[in-house]
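In case you want the letters, here they are:
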Amino acid sequence: MTTPNPQLDAQGRLKHFLTIDGLSRELLTEILDQANGFLGVAQQAVKKVPLCRGKVVANLFFENSTRTRTTFELAAKRLSADVLNLNISTSATAKGETVLDTLRNLEAMHVDMFVVRHAESGTAHFMAAHAAPHVSIINAGDGRHAHPTQAMLDMLTIRCHKPDFSQLRVAIVGDILHSRVARSQMIALKTLGVPDVRVIAPRTLLPTRVEEAFGVRAYHDLSEGVRDADVVIMLRIQRERMNSALLPSEHEYFQLFGLTEERLSTARPDAIVMHPGPINRGVEMDSQVADGRRSVILEQVTNGIAVRMAVMSMCLGNQHLGTSPSQEEAAHA
Amino acid sequence: MSKTDIWKDATAIEAAIDTMAVRLRERLERRGIAAPLMIGIHTGGVWVADRLHARLGLAEPLGHLDISFYRDDFSRVGMHPQVRPSYLPVGVADRHLILVDDVLQSGRTIRAAHNVLFDYGRPASVTLAVLLERDGRELPIAADVAGFEAGFGADEQIKLSGPEPLLMLRAKRDIHR
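The shown structure was predicted, so the numbers you read here are calculated from the model rather than taken from an experiment.

**Thoughts on empty space enclosed by the protein**
Empty space among the atoms becomes visible once a probe the size of a water molecule is rolled across them. Counted by the stated rule, this structure contains two cavities of 30 Å³ or more. Counted as a void, the largest cavity has a volume near 70 Å³. What lines the largest cavity is a set of 13 residues, among which Gly37(A), Gln44(A), Phe69(B), Ser86(B) and Tyr120(B) lie closest to the centre. Its residues placed into classes, the lining of the largest cavity shows seven nonpolar, four polar and two charged.

Given below as structure tokens:
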């Protein structure tokens, strides 16, 4: 490693979770393994473990998201942490307070972790660079840059169905250009050793040089792109893109890039279909596909809580570790 | 630096598990418990429980418990690296449980295991069976059935290796680290 990764402490342990970029396959696998352990918590009569009791997690959502905020909140609560949900639109930020002043004030209230979503790329990194040493930052989506917990919950969902990543063909369909989800997914899939990653989109919605930058293959035809795919990931089309002339009408988009059972027929018979939600039925995909036997969309939601529990507990657990590796682990007989 | 030797070999351990099974059966009969639910604590406890489960001929599958999320040293050592999902085949509420672990030393694992179990439901009773009950208790917890009872030096660590064959290894730790 040449430059230190801002997400890791001196021992290479997770301190913040900002982006998939620069994390090793071992660390991503560790996150998936831990998340797998947390899946069982939802089966308990008391759906909670005492791991992060006494910790305080603040959800700072400068951009709206019901699902992501809710699953982060549930994840923190299942770890027994206390959760603050700051309603930014009616809070001090709206009155002119800077992000850093918001951070300082909440640090003064002894918040241990911030879950941050912001429309501006780099906000989570910026906060991590300025946060007090005992504080962790989790990126819940920043601009077009990254949405690492979404990518990891997608990896967990894929692993539950297709454990061997070394043989997989994965197709990502939709607005690749503006999607932080696609960016994080591409990096996660390549890091975990998926050999064949494809992106399928109209030319206006693909970043230039996407093939070279991410080691993926680009397609402009849906049926061709999903041929023999094991996994088809649909992205959400944001309505405002229609207005910015990057897309024709919703109807026309669906005609060309909407996923139907017929278009899916070229994929592998056991292919799974994913979507980060919320779905625009009749735009990205047909209801028949969204509710069909290959859809694992609701599993993604369930897995999202487990992945967020894993990332939060790993970061919170590493906060109090000194600079030397602990030798106390063996003493727990 | 540490020195490791075999404290009990496979033959001695299998014989001890035979004795544990006999004592458990006596105990269950004395208490009028017909269908207990057996639960092993990851990882060594599951190996011992597997054998006890077969010897007692229990009908219901063995449960597995991972106590990592309930450890009391999280804020000191962070996440345990190898967490497996707990697996309880049937509900524990109102059931008579046999909790199985390999070594009972500080008692902290059993404390954590109780907390896990109670988050799954309220059992009717819990019986604790361990392969080795040794010195070093830090909490008021005792085994109901033990395969071996022994005292060691504070610098001696006993670890079960397995699953096949089961061996108990003694490591002498350097306490001046």
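**A short note on the sheet that holds strand β1 (residues 2–8) of chain B**
All names here are of chain B. If you trace the three strands from one edge of the open sheet to the other, you get β1-β8-β7, paired in antiparallel fashion. The outermost strands of the open sheet, each flanked by one partner alone, are β1 and β7 (156–161). The average angle at which neighbouring strand axes cross in this sheet is 30°, direction not considered.

**Thoughts on helix α5 (residues 148–161) of chain A**
Under the 1.5 Å per step criterion, the end-to-end length of α5(A) is 20 Å for 14 residues, consistent within 8% with the ideal 20 Å. Of the residues making up α5(A), those classed as buried are Pro148(A), Thr149(A), Gln150(A), Ala151(A), Met152(A), Leu153(A), Asp154(A), Met155(A), Leu156(A), Thr157(A) and Ile158(A).

**Describing the pairing of strand β5 (residues 125–134) of chain B**
Residue and element names in this part refer to chain B. Counting buried positions over the ten residues of β5 gives nine, a clear majority of the element. One ladder, built from eight bridges, connects strand β4 (residues 96–104) with β5; its direction is parallel. Note on β5: the bridge partner recorded for leucine 97 is valine 126. The parallel pair β4 and β5, bridged by helix α4 (residues 108–120), forms a crossover whose chirality is right-handed. Pairing geometry for β5 and strand β6 (residues 145–150), over five bridges, is parallel. Of the residues in β6, the one forming a bridge with valine 130 is alanine 146.

**Digging into the pairing of strand β3 (residues 113–118) of chain A**
Residue and element names in this part refer to chain A. Most of β3 is tucked away: six of the six residues are buried. Covered by surrounding structure in β3 are Met113, Val115 and Arg117 together with Phe114, Val116 and His118, the residues of both alternating faces. Taken together, the five bridges between strand β1 (residues 56–61) and β3 define a ladder with parallel strand orientation. From the neighbouring strand, leucine 60 faces β3, where its bridge partner is valine 116. Examined bridge by bridge, β3 and strand β4 (residues 136–142) share five bridges and lie parallel to one another. Across the sheet, the residue bridging to valine 116 is asparagine 139, located in β4. In terms of handedness, the path from β3 via helix α4 (residues 123–130) over to β4 forms a crossover that is right-handed.

**Here we look at the pattern of salt bridges**
This model, assessed by the stated rule, comprises 29 salt bridges over all chains. For Arg69(A), the salt bridge identified is with Glu73(A), shortest N-O distance 2.8 Å. Of the two residues, Arg69(A) and Glu73(A) both sit in helix α2 (residues 66–78), four residues apart, roughly one turn of that helix. Taking the relative accessible area as the measure of exposure, Arg69(A) reaches 26% and is therefore partly exposed. Taken together, the shared-partner salt bridges connect Glu14(B), Asp18(B), Arg51(B), Arg55(B) and Glu164(B) into one network.

**Description of the packing of aromatic side chains**
Two measures describe an aromatic ring pair: the distance that separates the ring centres and the angle between the ring planes. The full count for this structure, using the stated rule, is four aromatic pairs over all chains. Pairing Trp7(B) with Phe148(B) gives two aromatic rings, centres 5.6 Å apart and planes at 70°, and the pair type is edge-to-face. Remark: Phe148(B) occurs in strand β6 and Trp7(B) occurs in strand β1; sequence separation between them is 141 residues. Judged by relative accessible area, which is 19%, Trp7(B) ranks as buried. Note on Phe148(B): relative accessible area 13%, which makes it buried. Clustering of aromatic rings is evident, with ring pairs tying together Trp7(B), Phe148(B) and Phe152(B). Against the face of Phe72(A) rests Arg308(A), its NZ or CZ located 4.8 Å from the ring centre.

**Topic: the UniProt feature "domain: Phosphoribosyltransferase" (unreviewed entry) in chain B**
Those places that UniProt annotates as "domain: Phosphoribosyltransferase" (unreviewed entry) correspond, in this numbering, to residues 9–155 of chain B. Within the segment residues 9–155 of chain B, helix and strand shares are 35% and 22% respectively, and the terminal C-alpha atoms sit 21 Å apart.

**Topic: the domain arrangement of chain A**
Residues and elements named next belong to chain A. Here the domain parsing of chain A yields domain 1 (25–145 + 302–322) and domain 2 (148–296). If you average the C-alpha positions of domain 1 and of domain 2, the two centres end up 27 Å apart. Each partner contributes to the interface: domain 1 provides 24 residues, whereas domain 2 provides 22 residues. With both sides pooled, the region where domain 1 packs onto domain 2 buries about 2000 Å², and carbon together with sulfur makes up 60% of that total. In this assembly, domain 1 and domain 2 are joined by two salt bridges. When the shortest N-O distance is used, the salt bridge between glutamate 63 and arginine 180 registers 2.8 Å. At the surface where domain 1 touches domain 2, the tally comes to eight residue pairs in polar contact (both at pLDDT 80 or more). Counting only elements with at least two residues in the side of domain 1 that touches domain 2, the list comes to α1 (25–38), α2, β3, β4 and α13 (297–319). In terms of residues, the side of domain 1 that touches domain 2 owes the most to one element, α1, which gives eight residues. Taken together, the residues of the side of domain 1 that touches domain 2 break down into seven nonpolar, nine polar and eight charged.

**Some remarks on the nonpolar core**
Formed by 118 residues in total, the largest nonpolar core has its most connected members in Phe38(A) and Ile172(A). Residue contributions to this core peak at eleven residues, all from α13(A). The residue makeup of this core includes at least three contributed by each of domain 1 (25–145 + 302–322) and domain 2 (148–296) of chain A. With residues near it in sequence (within four places) discarded, Phe38(A) still touches Val49(A), Leu51(A), Leu79(A), Ala306(A), Met309(A), Ala310(A), Ser313(A), Phe69(B) and Met79(B). Judged by nonpolar contacts, the second largest core, of 31 residues, contains Ala16(B), Trp47(B), Leu52(B) and Val103(B).

Criteria and cut-off values
Residues numbered from 1 in each chain as written. Chains lettered and ligands numbered in written order. Predicted model: local features only at pLDDT ≥ 70, side-chain atom pairs only at ≥ 80, totals over all residues. Heavy atoms only, no water. 1 Å grid on protein atoms, 1.4 Å probe; cavity = no way out; pocket = protein on both sides within 12 Å on 5 of 7 lines; lining within 4 Å. Points joined across faces, edges and corners; volume = space filled by probe spheres on them. Nonpolar A, V, L, I, M, F, W, Y, C, P; charged D, E, K, R; others polar. Pairing = 2+ DSSP bridges. Helix = DSSP H or I, 4+ residues; strand = E, 2+ residues; numbered from the N terminus. Axes fitted to C-alpha atoms, helices over the stretch in contact; angles between N-to-C directions. Expected span 1.5 Å × (residues − 1). Buried < 20%, exposed > 50% of the residue type's maximum accessible area, 1.4 Å probe, protein only. Right-handed = clockwise from strand over helix to strand, strands pointing away. Salt bridge = Lys/Arg side-chain N within 4 Å of Asp/Glu carboxyl O. Phe/Tyr/Trp six-rings, centres within 6.5 Å; stacked < 30°, edge-to-face > 60°. Lys NZ or Arg CZ within 6 Å of the ring centre and 35° of its normal. UniProt positions renumbered as here; feature names shortened; annotations may be inferred. Domains from an automatic or database assignment. Contact = heavy atoms within 4.5 Å. Buried area = accessible area lost by both parts, 1.4 Å probe. Polar contact = N/O pair within 3.5 Å; in protein donor to acceptor, adjacent residues only side chain to side chain. Core = buried A, V, L, I, M, F, W, Y, C linked by side-chain atoms within 4.5 Å.

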